[in-house]
Amino acid sequence: MELLEIILIAIGLAMDAFAVSICKGLSMKKMSWKKALIVGLYFGIFQGVMPVIGYLLGTSFESLVTKIDHWIAFGLLVFIGANMLKEAFGNDSENYNDNVDFKSMVVLAIATSIDALAIGITFAFLQVNITLAPLLIGIITFIICIIGVKIGNKFGDKYERKAETVGGLILILMGIKILLEHLGII
């Protein structure tokens, strides 16, 4: 696998984390670069580590992982999206959930990196450089997520409730899309 292909895979894998980063930025009353860096680090680290785990699992667990990865991603994304919708339609308009604590971020990072685990399994079959690929995936995800937080924060200043509603719907639709793709429906 060539460098350009790895970069394109990294960008593709980062899109789920990018969407969640936008949603995280929406919930920030004021842009915090420290929190944006934390979001980027969580997503970048998980996106970089999951392919290594997938690579190590290799062929022996391929059928198990590919049978459930879409259900895990679906469940987590729908849960997170539903919570965003609940917050958007709640009575407390000043309730900003810009929390970047370990518990909050780990759930989000796992939800967005399940596909990276499956990619890691394919890396084992394609003899991809398992040092370079995860490093690029992590760095690209980190950068894209920081940008996502900033974009989300700017958009959220003007259209807070609508943006959070759209963000929640996007996460739910992403979960449904992942599930339908893996079930062979689309």
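Just so you know, these numbers come straight off a predicted model, no measurement behind them. (Residues numbered from 1 in each chain as written. Predicted model: local features only at pLDDT ≥ 70, side-chain atom pairs only at ≥ 80, totals over all residues. Heavy atoms only, no water.)

**Here we look at the overall build of the protein chain**
Item 1. Within the protein chain, the regular secondary structure consists of 6 helices and 0 strands.
Item 2. In the protein chain, the succession of helices and strands from N to C terminus is α-α-α-α-α-α.
Item 3. Here the protein chain, with 186 residues, has 44% of them falling under the buried criterion.
Item 4. Sequence separation of 24 or more characterises 93% of the internal contacts of the protein chain that already satisfy a separation of 6 or more. (Helix = DSSP H or I, 4+ residues; strand = E, 2+ residues; numbered from the N terminus. Buried < 20%, exposed > 50% of the residue type's maximum accessible area, 1.4 Å probe, protein only. Contact = heavy atoms within 4.5 Å.)

**Re the packing of aromatic side chains**
Each aromatic ring pair is summarised here by two numbers: the centre-to-centre distance and the angle between the ring planes.
Item 1. Overall, the coordinates contain 1 aromatic pair when judged by the stated rule.
Item 2. Taking 6.3 Å as the distance between ring centres and 90 degrees as the angle between the ring planes, the aromatic pair formed by W71 and F74 counts as edge-to-face. With a gap of 3 residues between them, W71 and F74 both fall in helix 3 (residues 62-88), about one helical turn apart. (Phe/Tyr/Trp six-rings, centres within 6.5 Å; stacked < 30°, edge-to-face > 60°.)

**Remarks on the environment of L132**
Item 1. Note on placement: L132 falls in helix 5 (residues 132-158).
Item 2. Under the relative-accessibility criterion, L132 is labelled partly exposed at 33%.
Item 3. Residues L132 and G48, spaced 84 residues apart in sequence, show a C-alpha to C-alpha distance of 9.9 Å.

**Observations concerning the environment of T131**
Item 1. Topologically, T131 is positioned in the loop between helix 4 (102-126) and helix 5.
Item 2. Taking the C-alpha atoms as reference points, T131 and V52, 79 residues apart in sequence, are found 8.5 Å from one another.

**Describing the packing of helix 2 (residues 33-57) against helix 4**
Item 1. It is at 6 Å that the axes of helix 2 and helix 4 come closest, and there the two elements cross at 35 degrees. Seen from above, helix 2 lies across helix 4 with right-handed handedness.
Item 2. Here the contact of helix 2 with helix 4 is composed, by residue class, of 20 nonpolar, 5 polar and no charged. (Axes fitted to C-alpha atoms, helices over the stretch in contact; angles between N-to-C directions. Left-handed = near helix turned anticlockwise from the far one by under 90°. Nonpolar A, V, L, I, M, F, W, Y, C, P; charged D, E, K, R; others polar.)

**Concerning the nonpolar core**
Item 1. Counting 27 residues, the largest nonpolar core has V39, F43, L77, M105, L108, V149 and L171 as the members making the most contacts within it.
Item 2. Of all the secondary-structure elements, those providing two or more residues to this core are helix 1 (3-26), helix 2, helix 3, helix 4, helix 5 and helix 6 (160-182).
Item 3. At 6 residues, helix 4 tops the list of elements feeding residues into this core.
Item 4. Those residues in contact with V149 that sit more than four places away from it in its chain are S21, I22, G25, M28, M31, A36 and V39.
Item 5. In terms of nonpolar packing, the next biggest core, distinct from the first, is built from 14 residues, A10, A14, M50 and A133 among them. (Core = buried A, V, L, I, M, F, W, Y, C linked by side-chain atoms within 4.5 Å.)

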